[in-house]
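Letter by letter, the chains look like this.
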Amino acid sequence: MKTSTLKKSLVAITTAALVSVFAVAIPSSASAATTCVKDKLTVKGKVVSFQKCTGTDDRGSKYEIRMPAKFNGTMMLYSHGIRYPFALPALGLTYNDAPDIAPSTEVGEQLLAQGFALAGAGVEVQGWNLTEQVYATLNVNLAARMQFPAIDKVVAWGQSLGALSTQALAEQYPGIADAVGPLCLAESASAELTGFLDFIWGLKTFFDPTIKGSGYSSGAEGLKELQTDIGKAVAIFTFLSNEFTVNPLTPGWPTTATSATALISAGLPSRSALLMIGLMSGISTQSKSFDSSSGPVGPLETAFGGLLSPVLAVLENGSEAAVLGFIANYDLEVRAGGRFYDNTNTDYVARLGADAEIFTSALSGASKGLAGFGAFLNKLNPGAPRVKADPGALAKHNQLYQLQGKITVPTVTITALADHITPPGATQYLVDQYASSVSNGDSTKGLLVNIWNKPPDEYTTFTGQAPDKRTVAVNGVGHCNFTTSQYMAVAKLLAASAKSGKAPTAKTVSAAIKNDSNLFVDPNYRAPLLKYRQ
Amino acid sequence: MIRNTRMKRISFVSTVVVAGAMLLSTVPANAADPGVTATEIKLGITSPKTGTVALSYGKLPGAMKAYFDYINANGGVNGRKITLVSRDDKYLPQQAATQTRNLVLSDKVFAIVGALGTATHTKAYVAAQLAKNNVPDLFVNTGFSGFDDKTKYPTTFLVLPSYAMEAKIISKLIADTPTLKPMPSFLIAQDDEFGKDGVKGFALAGHKFSDTPILYPAGSLSAAIAEGALAKINAAVPSYAKPVMVLMGTTDSTALILKAAEKLSLTSKFTWIAGSVGGDANTLLALGVKAATIDGIYAASFFPDAKDTTDQYVSQFMKINEKYNKGVTFDNVVLQAMNSAMLTVQALRAAGKNLTRAGLMKAIEDKGSTFASAGLAPLNYSATSRVGYNGYWFGQLNATGELKPVGGKVTLYTTDSATATAPVLSTYTRKPIPKNGIPTN
C-alpha cells in the first residue's frame, strides 16, 4: 500500500475527539419560583406561540418549560446527556448547566409546533450526575404540573446518560411518566466505565506505561494528572495516525511503548495491538469514517476492508471514547472517593469471544498475534500490571443506580448499532433485565419496543486510493446521531402510547419507520452486551 | 480429469502481496415463516461478488441461480418457484454480517444457502440472529469444523469436509506412500481456524512433522517470508532427502510459496501436498505459478472433475450452465454451486408442501444423507450431525492442471474431525443423477 493513502483520513483526530462526545447536548436556559414570559417562533412557516417558563429548583438545578398556546395535553420531559463536570480551559472545555428541553433545537421546535409542552432540567452538577438528574427531573416535572394543571400525559425521554436517568426515574418513581423513551441508552456506570477504562488500560499497557489512567490524586494535583494523561493518550493517537499513514500494514510502535518489547521483538504491528485493545474493551469496529466494509477500487479493496478499516475505526472511535473515559472516570473517582476500577481478574482473551475468529487475520494470526497478545495480557505478566480498586471507593461506586428493567408503562428505545459511546449492548441489557423483571412479576409483559438504527451498508469513501475523513457521521454511526425525523417518529410513538397506555404494535412501529431504511424492529435481534456483562 | 477446487476460505494474501507487501425441534412448525408463499420460495446467499476474492468465487451465486432457474422452468418445487437473492459480502466479515441481516430482515428470505468463508460467516450468523430467527443456514462453504456445533450453530448444515478431516487423510497418504513415508515432512499453514483445524487433524492422526509448523497470519504472507521459510527448511534437511511439504492455505498463499520455491530453485526439492484449497490448479496458473511447478503436486478432491464430460452430473450441470448461465465457463466452482443448489431442491422437496423452516431442517436431518449428489463421498446429515461430505481422494496435478488419481483410480477415504480413528477406505457409491438433473425425491 502506498504510504500516502491514509493521510487524509487520519489527521485531526485529537481535536475532534475532545469535542465530539460532549456535543450531544444542546445548550438552551431559571428560583423556587417559576417565571413565565410569552414568546413565539416560526416553524416551517407557521407561527407558534408559547409560554417560556424558567426557574431554579431548591437544589440549584435550572429548568425550563415551554407551553404552547395550542397545547395537546402531553408534556415531553427531557433529560440531557453527559457534560463536562468542570471547565478545563487548557483543553478548551467549558462548563454548562443550562437546561435542555429536547434532543435538538429542531426537534424541540417541531414538537412545540405540534402542541407538545416541553420541559427539562440543567442539573446543578454535571459529569456522571445520574442521581442529581433524577431529582432535577422530578422537580421540573412538579414545577410544570403546578404551573400548568392542563398537563394530562407525561412522556419522559432522554438520551445517553439522560436516557439512563430517565429509565432510573421511571423505575424508581412509577407513575411519574405515562411513557418512557430511553434514546441511545447508557449502561450503568460500572458497565460503561469498565469499557472505557479497559481501553485506557490497554493504551497504557501497550503504548505508554506512564499513563496513570485511574487513581488520581485529589484536588488540583489530580486535575493536572488528568490533563497530563489526556495529553499522553492524544500523543499515542497522533503517533498511530501518522504511523498508519506511513506504513499501514506494519506500522511501528511509539518509543513510549516500553512494556511491549516482547511484542515489538516478535514483529507484531501496532495496528494489531490497537485492534486487540479495541476488541477486548468493546469499541465498535465501525466509526464515522470507516465501515470495515469498503476498500479502494482495485487490488487493495479486500485487504483494506478486512485488515485496515477495523483498526482505523477503533482509532477513530477509541480516541473519543478514551477522552470521555478519562474525564468520566475522574469525576466518578471524586464521587467514590478513590479508584473503583479493578481489572485484577479480567480475562481479556476470553472477552474476545467470536472476535478472535473473525479478526484473526487483522490480529496478525492465531499463534503469533492472539497468542502473543494473550501472553502479554496474562494477569501474571509483571509487564502488564493489573489495577486494583480501593475497596471503599468500589463499594461506594457500586451503589450507583443499576438498570433494573422494571417497566410499567410503554417504553420505546432507539439505539444505533455502531454507537461507540453507548453501544447497543446497553439497550440489550435493559431488554434482558426487563425479561427477568417480567418473569419475576415486577413488570408487565409487552411494554418494551426497541427500534434499532443500523448504518448504511457501506459509507467509507475514497479519493483515489485514499480514504476520506468524514467530519459528520452517517446515520447509525456515532453517538446519539439520530435524524430529526427519527426523533420525531419515536416522540409520536411515545405520545400515542402515553395516551393509550399500550406499547405500539409491531404494525404501528413498522408504519412509523417504513420510509427509513436505516431503522428496523426485530424482536429476535440481540446486540452483544457490554464486555462488563459478558 | 479431475481437479481439486473447493470453496473454503480465501485470505487477503493476494491483495497484500500485490500491494507489496434449536435446536430446531424447540421451534414449532410455522406455516407463516417468511420467504414462502403459494408460488415462491425466496432464498438468500452472501458471497464475494466484488473485491479480490470475487476473482475466485464470483461465479458461485450465478451458478446456483442458474440451477434454480432450470428447476423453475420445470415446474419448481411443489409448484413454487425459487428466487435466489444474492448479496455481495466482499469476503469481509462486517459486510457479510450486514448483508446477511439484510437478507433476513429486508429481503425476508426463507433460508440462507451457500454462504462462503469462516470469519465472514461466523460474524454473519450472530449478527443476523440466524439461530434465534430459526433461519436454515444450508450448505455453508467452509471447512471449519467449528460450524458442526449444533448448540452454537443450530440451523447450520455444512457441505465441505473439514480441514481436520483433510489433515487426517493427508497423514494417511503420507503413511501409505512408500516414497513419502520415510521423508522428513513439514507444514506451512494459515494461522487461523484453517491452520488450527489442520494442525488438530494431523495431531489426531498421530503424524509428527519434522519441525514445528510454520504458521502465517492470513494477509501478511509476503514473498520474503515465504522464501525465508523455505530456505530455513531447506537448510535443515539433508541434501539427499526429498522432504514432504504440506501447504494448508488458500490458493493465493500457496501460489506465493510455490513462486518462492521457483525463485530459490527448490520446486523439485520438495514433494508438495497442496490439499483441497491451495491445490486449485487453474488459480495457481492464473497467479503465475509455472506449469512445470504444479506438475506432480498432490491435491485433494471429493468431486469428479469439472471437465469430465463422461460424468453424468458434470454433463448435466454443463447443459444447464450453457442454457441458464450463458457465457460462464463451467468449472469446479460452478459444479460445486450447482451441486449445492440440487441439494437445496431435494431438501425443499423432502420438507413437503407445508414448507416451514423447522420442517426443512428436519428433512435434511432425516433424509439428507440419501440425497443425490455429485460428490464421491457420502453426506452425513442426521439428527446429531451437521457434517456434509466427509472424505477425500488424492491425486497429482499434471502440467496442464489435471488432477490424476494416485494409483490410477479414485480411492476415497472417509473420516471425522474429532477422533483419532484412522480414515477408512470408502465403499460409498453415489446415487445416479435424477433424470435430467431434476430431483423427484
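Asker: Kindly report on the overall build of chain A, identifying the contributing residues and their values.
Answerer: Within chain A, the secondary structure is distributed over 16 helices and twelve strands. Each principal axis of the C-alpha atoms in chain A carries an extent, and together these give about 70 × 50 × 45 Å. Counting every position in chain A, which comprises 534 residues, the buried fraction comes to 58%.

Asker: Could you give an account of the overall build of chain B, with specific residues and numbers?
Answerer: A count of helices and strands for chain B gives 14 helices and 14 strands. Rg of the C-alpha trace for chain B: 21 Å, near the compact-globule value of 22 Å for 441 residues, within the 12% margin. The principal-axis extents of the C-alpha atoms in chain B amount to approximately 70 × 45 × 40 Å. Across the 441 residues of chain B, 63% fall into the buried class.

Asker: Tell me what's going on with the interface of chain B and chain A, and back it up with residues and numbers.
Answerer: Counting from both sides, the interface comprises 36 residues of chain B and, opposite them, 32 residues of chain A. Those elements giving two or more residues to the side of chain B that touches chain A turn out to be helix 1 (13-18), helix 4 (93-106), helix 5 (118-127), helix 7 (193-205) and strand 7 (214-216) of chain B. In the side of chain B that touches chain A, the residues fall into 16 nonpolar, 13 polar and seven charged.

Asker: Could you give an account of the domain arrangement of chain A, with specific residues and numbers?
Answerer: Residue and element names in this part refer to chain A. When cut into domains, chain A gives domain 1 (7-20 + 191-396) and domain 2 (26-187 + 401-463 + 473-533). One C-alpha centre belongs to domain 1, the other to domain 2, and the line joining them spans 31 Å. Taken together, the contact between domain 1 and domain 2 spans 33 residues of the former and 29 residues of the latter. Across the side of domain 1 that touches domain 2, the residue classes tally to eleven nonpolar, 13 polar and nine charged.

Asker: Go over helix 7 of chain B with me, naming the residues and quoting the values.
Answerer: All names here are of chain B. Counted at 1.5 Å a residue, the expected span for helix 7 with its 13 residues is 18 Å, and the 18 Å between its end C-alpha atoms agrees. Within helix 7, eleven of the 13 residues are buried, leaving the element largely enclosed by the surrounding structure. Here helix 7 has its buried residues at Glu193, Phe194, Gly195, Lys196, Asp197, Gly198, Val199, Gly201, Phe202, Leu204 and Ala205. Note on helix 7: the residue one or two positions beyond its end, Gly206, has a positive phi of about 80°.

Asker: Before we move on, can you summarise the packing of helix 8 (residues 270-281) of chain A against helix 9 (residues 301-336) of chain A with the specific residues and values?
Answerer: Residue and element names in this part refer to chain A. Running from N to C, helix 8 and helix 9 point in directions that differ by 60°, and their axes come no closer than 9 Å. On the basis of the axis angle, helix 8 is oblique to helix 9. Here the hand of the crossing between helix 8 and helix 9 comes out left-handed. Of the residues in helix 9, those in contact with Arg271, Leu274, Leu275 and Gly278 of helix 8 are Pro310, Val311, Val314, Leu315 and Gly318.

Asker: With reference to specific residues and values, describe helix 14 (residues 357-367) of chain B.
Answerer: Residues of helix 14 of chain B that are buried: Arg357, Ala358, Leu360, Met361, Ala363 and Ile364 of chain B. Looking at the packing, one finds that the buried side of helix 14 of chain B touches strand 3 (111-113), strand 5 (156-158) and helix 13 (332-351) of chain B.

Asker: Hey, could you go over the pairing of strand 4 (residues 137-140) of chain B for me, with residue numbers and the actual values?
Answerer: Residues and elements named next belong to chain B. Direction of pairing for strand 3 relative to strand 4: parallel, over a ladder of two bridges. Bridging across to strand 4, Ile112 finds its partner in Asp137. Handedness of the β-α-β unit built from strand 3, helix 5 and strand 4 comes out right-handed. Strand direction decides the pairing type here: strand 4 and strand 5, joined by three bridges, are parallel. Following the sheet pairing, Val140 is matched in strand 5 by Leu158.

Asker: Got a sec to walk through the packing of helix 3 (residues 130-147) of chain A against helix 4 (residues 161-172) of chain A? Specific residues and values, please.
Answerer: Residues and elements named next belong to chain A. For the pair helix 3 and helix 4, the least separation of the axes is 9 Å and the interaxial angle reads 65°. Crossing handedness for the pair helix 3 and helix 4: right-handed. Here helix 3 contributes Leu130, Gln133, Val134 and Thr137 to the contact with helix 4, which in turn contributes Leu161, Gly162, Leu164, Ser165, Ala168, Leu169 and Gln172. Looking at the contact of helix 3 with helix 4 residue by residue, the class counts come to six nonpolar, five polar and no charged.

Asker: Hey, could you go over the domain arrangement of chain B for me, with residue numbers and the actual values?
Answerer: All names here are of chain B. In terms of domains, chain B is made up of domain 1 (13-161 + 308-392) and domain 2 (163-305 + 393-425). Taken together, the contacts link 29 residues of domain 1 with 36 residues of domain 2. Elements supplying a minimum of two residues to the side of domain 1 that touches domain 2: helix 1, helix 12 (312-324), helix 13 and strand 11 (391-397). Sorting elements by how many residues they give to the side of domain 1 that touches domain 2 places helix 1 first, with four residues. For the side of domain 1 that touches domain 2, the residue count by class is 15 nonpolar, ten polar and four charged.

Asker: Please set out the confidence of the model for chain B residue by residue, giving values where relevant.
Answerer: Residue and element names in this part refer to chain B. Per-chain confidence: chain B averages 90 in pLDDT, with 93% of residues scoring 70 or above. Across residues 1-31 the pLDDT falls below 50, and counting only partners more than four positions away or on other chains, this stretch makes 116 contacts in the model. Interface confidence in the predicted complex, given as ipTM, is 0.84; pTM for the same model is 0.88.

Asker: Before we move on, can you summarise the sheet that holds strand 2 (residues 81-88) of chain B with the specific residues and values?
Answerer: Residues and elements named next belong to chain B. Here five strands make up an open sheet; going across it, the order is 2-1-3-4-5 and the pairing parallel. With one partner strand each, in any of the chains shown, strand 2 and strand 5 form the two edges of the open sheet. Taken over all neighbouring pairs, the strand axes of this sheet differ in orientation by 25° on average, direction set aside. Strands in contact with helix 13 are strand 1 (40-47), strand 3 and strand 4; relative to strand 4, the strand with the most contacts, it is inclined by about 150°.

Asker: I'd like a description of the nonpolar core, backed by residues and values.
Answerer: Met76 and Val155 of chain A together with Tyr67 of chain B are the most contacted members of the largest nonpolar core, which has 302 residues in total. Tallying contributions element by element places helix 9 of chain A first for this core, with 19 residues. Excluding its chain neighbours within four sequence positions, the residues that come into contact with Tyr67 of chain B are Ile320, Met338, Ala341 and Met342 of chain B.

Asker: Go over the environment of His80 of chain A, please, and point to the residues and values.
Answerer: The topology assignment puts His80 of chain A in the loop between strand 4 (74-79) and helix 2 (105-113). Separated by 53 residues in sequence, His80 of chain A and Gln133 of chain A have C-alpha atoms that sit 8.8 Å apart.

Asker: Describe the sheet that holds strand 12 (residues 519-520) of chain A, listing the residues and the values that go with them.
Answerer: Residues and elements named next belong to chain A. Strand order in this open sheet of ten strands is 1-2-3-5-4-6-7-8-9-12, and the pairing throughout is mixed. Only two strands of the sheet have a single neighbouring strand rather than two, namely strand 1 (35-43) and strand 12. As judged from the nine bridges shared by strand 1 and strand 2 (residues 46-56), these two strands associate in the antiparallel manner. Along strand 2, the bridge assignment pairs Asp39 with Phe50.

Asker: Explain the pairing of strand 1 of chain A to me, using residue names and the numbers behind them.
Answerer: Little of strand 1 of chain A sits out of view: just zero of its nine residues are buried. Hairpin geometry of strand 1 of chain A and strand 2 of chain A is characterised by an intervening segment of two residues between the two adjacent antiparallel strands and by a positive phi of about 50° at Lys44 of chain A.

Asker: Go over the environment of Asp468 of chain A with me, naming the residues and quoting the values.
Answerer: Tracing the sequence through the fold places Asp468 of chain A in the loop between strand 11 (466-467) and helix 15 (484-500). Residue Asp468 of chain A is classed as exposed on the basis of its C-beta count, with 12 C-beta atoms lying within 10 Å.

Asker: I'd like a description of the environment of Ile433 of chain B, backed by residues and values.
Answerer: Following the sequence through the fold, Ile433 of chain B ends up in the segment after strand 14 (424-425). Ignoring any residue separated from it by four or fewer positions in sequence, one finds Ile433 of chain B in contact with Gln312, Tyr313, Gln316 and Ala372 of chain B.

Analysis parameters
- Residues numbered from 1 in each chain as written.
- Chains lettered and ligands numbered in written order.
- Predicted model: local features only at pLDDT ≥ 70, side-chain atom pairs only at ≥ 80, totals over all residues.
- Helix = DSSP H or I, 4+ residues; strand = E, 2+ residues; numbered from the N terminus.
- Buried ≥ 20, exposed ≤ 12 C-beta atoms within 10 Å, placed from the backbone.
- Rg over C-alpha atoms; globule rule 2.2 N^0.38 Å.
- Contact = placed C-beta atoms within 7 Å.
- Nonpolar A, V, L, I, M, F, W, Y, C, P; charged D, E, K, R; others polar.
- Domains from an automatic or database assignment.
- Expected span 1.5 Å × (residues − 1).
- Axes fitted to C-alpha atoms, helices over the stretch in contact; angles between N-to-C directions.
- Parallel < 35°, antiparallel > 145°, perpendicular 65-115°, else oblique.
- Left-handed = near helix turned anticlockwise from the far one by under 90°.
- Pairing = 2+ DSSP bridges.
- Right-handed = clockwise from strand over helix to strand, strands pointing away.
- pLDDT = per-residue confidence, 0-100.
- Core = buried A, V, L, I, M, F, W, Y, C linked by C-beta atoms within 7 Å.

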